[in-house]
Amino acid sequence: SGNLQDRDEYYYMPSFQVPVSSNVVARGSYRNSWVSYSEGDLTGRKGDAENRGADFTVDNYRRGRGLTWALRYNWQKSIYDEYLPWEYQRAAAELGFWAGSSLRLFASGGRESPWDDPLNPELTDPFWEVGFAYGNGERLQLEFAAGERSFGSSWRGNVNFNFRRGSINLSYAETPTTQSFEQFRSFEYQAADDVQDSDTQKDLLSRPGTAERYVSKSLQLRMSIELSRSTLTFGVFDTERSDRTTASGESLPNETQRGFNASLTYRLGAKTDLRASGSWAEREFGVEEGPRVLIRGTAAADYRLGARTTLSLTYEYAEEDSKENSIGIEYVANTATLLLTRTF
């Protein structure tokens, strides 16, 4: 399998939020990350890269009435050791108004790097979007917007609903990015209590050593329910990589991944927790291959030996099936882990 190799990743990311005045707030962040592989792709080249990204926003949303405005700037750059670099930036200005104490209407426009010219990072292509945001305290928050981007029409949306014993989040976004950037992002559909299940934090479509850019179209649903002695989480995801190309702009077929996962934590006693989780995912890596299905299940018991020490026993099952016309290798894996955790 071409996926059996070492990968090293590390990063730093400072951020800030500063009140400029009683109604104006400035926010920003910068991230620098490095990814390296022990081997290359089928051509022998490796996707080792340094990724840089910055975001800056200043707005007067905190005023809560009257005219609203915002200025935004986003920048990403992937510097590859053996491929051409990719750089993207976007600058936008927004105007809107409060149509009541909870509803804000807005329209924004600006310029961004041209998607059809991957070697040109300049702010040459115009874009626009219109939308609305609604907030009802901590109970309901939602925002929707649609417009025209350099890669075509697009829309985005996010809904957060908090009820007495849980919460629901539904989101959709279309974002130009690279594979190197995606590998550092934790998937939001990972069960909140499944922190030891590190594989589900990664993108299931990325291939080690390659360098690609694409428009990520990601739909995700998460639900969490808190009961007296148990916590149940459930997630659904559907992601498409469209307009996919190599780092230099050569066209590649679209890829998709979809699936769901669920987890349950039950407090058996004052010192003992039981955990169970399962997931199903289907991936399609282009027209030359059929879909591949990945099934995983985990059962675990945690016992607190003291205020800072926990003993965990975990069993995990993983199975990958290759459907018709797929060239992938099928496998079944069973893993048992005994983990002693000490917090200082």
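Residues numbered from 1 in each chain as written. Predicted model: local features only at pLDDT ≥ 70, side-chain atom pairs only at ≥ 80, totals over all residues. Heavy atoms only, no water.

Caption draft 1: Seen up close, the packing of aromatic side chains. Enumeration over the complete set of coordinates arrives at eleven aromatic pairs. For the pair Phe132 and Phe144, a centre-to-centre distance of 5.9 Å together with 35° between the ring planes defines the contact as tilted. Residue Phe132 is located in strand 8 (residues 125–136), and its partner Phe144 is located in strand 9 (residues 140–149); the two are separated by twelve residues in the primary sequence. Taken together, the aromatic side chains of Tyr10, Tyr12, Tyr30 and Trp34 make up a single cluster linked through ring pairs. The ring centre of Phe127 lies 5.9 Å from the NZ or CZ of Arg149, which sits over that ring. The ring of Trp115 has Arg213 sitting right over it, with the charged end atom 4.0 Å from the ring centre. (Phe/Tyr/Trp six-rings, centres within 6.5 Å; stacked < 30°, edge-to-face > 60°. Helix = DSSP H or I, 4+ residues; strand = E, 2+ residues; numbered from the N terminus. Lys NZ or Arg CZ within 6 Å of the ring centre and 35° of its normal.)

Caption draft 2: Spotlight on the confidence of the model for the protein chain. Averaged over the protein chain, the pLDDT score is 86; the fraction of residues at 70 or greater is 88%. This stretch, residues 185–201, has a pLDDT under 50; its non-local contacts, to residues over four places away or in other chains, come to 48 contacts. (pLDDT = per-residue confidence, 0-100. Contact = heavy atoms within 4.5 Å.)

Caption draft 3: Region of the structure containing the side chain of Glu282. With respect to the helices and strands, the residue Glu282 is situated in strand 15 (residues 272–284). Not counting residues within four places of it along the chain, the set of residues in contact with Glu282 comprises Thr256, Gln257, Arg258, Pro291, Arg292 and Val293.

Caption draft 4: Looking closely at the environment of Pro253. One can find Pro253 in the loop between strand 13 (230–246) and strand 14 (255–267). Note on Pro253: relative accessible area 28%, which makes it partly exposed. Between the C-alpha atom of Pro253 and that of Asp243, which follows or precedes it by ten residues, the distance is 7.8 Å. (Buried < 20%, exposed > 50% of the residue type's maximum accessible area, 1.4 Å probe, protein only.)

Caption draft 5: Broad picture of the pairing of strand 3 (residues 25–37). Pairing of strand 1 (residues 7–12) with strand 3 involves six bridges; the strand directions are antiparallel. Within strand 3, the residue paired with Tyr11 across the bridge is Ser33. Note: strand 2 (residues 15–19) against strand 3, five bridges, orientation antiparallel. For Gln17, the partnering residue across the bridge sits in strand 3 and is Arg27. Where strand 2 folds back onto strand 3 in an antiparallel hairpin, the turn is made up of five residues. For strand 3 and strand 4 (residues 49–59), the ladder comprises eleven bridges, and the chain directions are antiparallel. (Pairing = 2+ DSSP bridges.)

Caption draft 6: Just unusual backbone geometry, in detail. A positive phi angle is found at Asp243, which is not glycine, with a value near 50°. Along the polypeptide, Asp243 turns up in strand 13. Since its relative accessible area comes to 36%, Asp243 is described here as partly exposed.

Caption draft 7: Region of interest: the pattern of salt bridges. For the structure shown, the criterion picks out 19 salt bridges. The partner of Glu50 in a salt bridge is Arg52, with the nearest N and O atoms 3.0 Å apart. Here Glu50 falls in the buried class, since its relative accessible area comes to 19%. In this structure, the salt-bridge partner of Glu255 is Arg241, at a minimum N-O distance of 3.8 Å. Of the two residues, Glu255 is situated in strand 14 and Arg241 in strand 13; the sequence distance between them amounts to 14 residues. Take Glu255 and Arg241: they sit in the same class, and that class is buried. Shared partners join several salt bridges into a network, and the residues in it are Glu212, Arg241, Arg244 and Glu255. (Salt bridge = Lys/Arg side-chain N within 4 Å of Asp/Glu carboxyl O.)

Caption draft 8: Looking closely at the pairing of strand 11 (residues 166–178). By the bridge criterion, seven bridges tie strand 10 (residues 152–163) to strand 11 in an arrangement that is antiparallel. The residue bridging Asn162 from the neighbouring strand is Ser167, located in strand 11. As defined by bridge partners, strand 11 adjoins strand 12 (residues 212–226) across 13 bridges and the pair is classed as antiparallel. Residue pairing across strands places Ser167 opposite Ser224, the latter belonging to strand 12.

Caption draft 9: Local environment of a nonpolar patch on the surface. A contiguous nonpolar patch, built from Leu170, Leu219, Leu221, Phe234, Val236 and Phe260 and spanning about 440 Å² of accessible area, is present on the exposed surface. Every element with two or more residues in the nonpolar patch is listed here: strand 12 and strand 13. Mapped onto the fold, Phe260 is located in strand 14. (Patch = residues over 30% accessible without salt bridge, like charges linked within 9 Å, V, L, I, M, F, W, Y side chains within 5 Å. Areas by Shrake-Rupley, 256 points an atom, 1.4 Å probe, with all protein chains shown as cover.)

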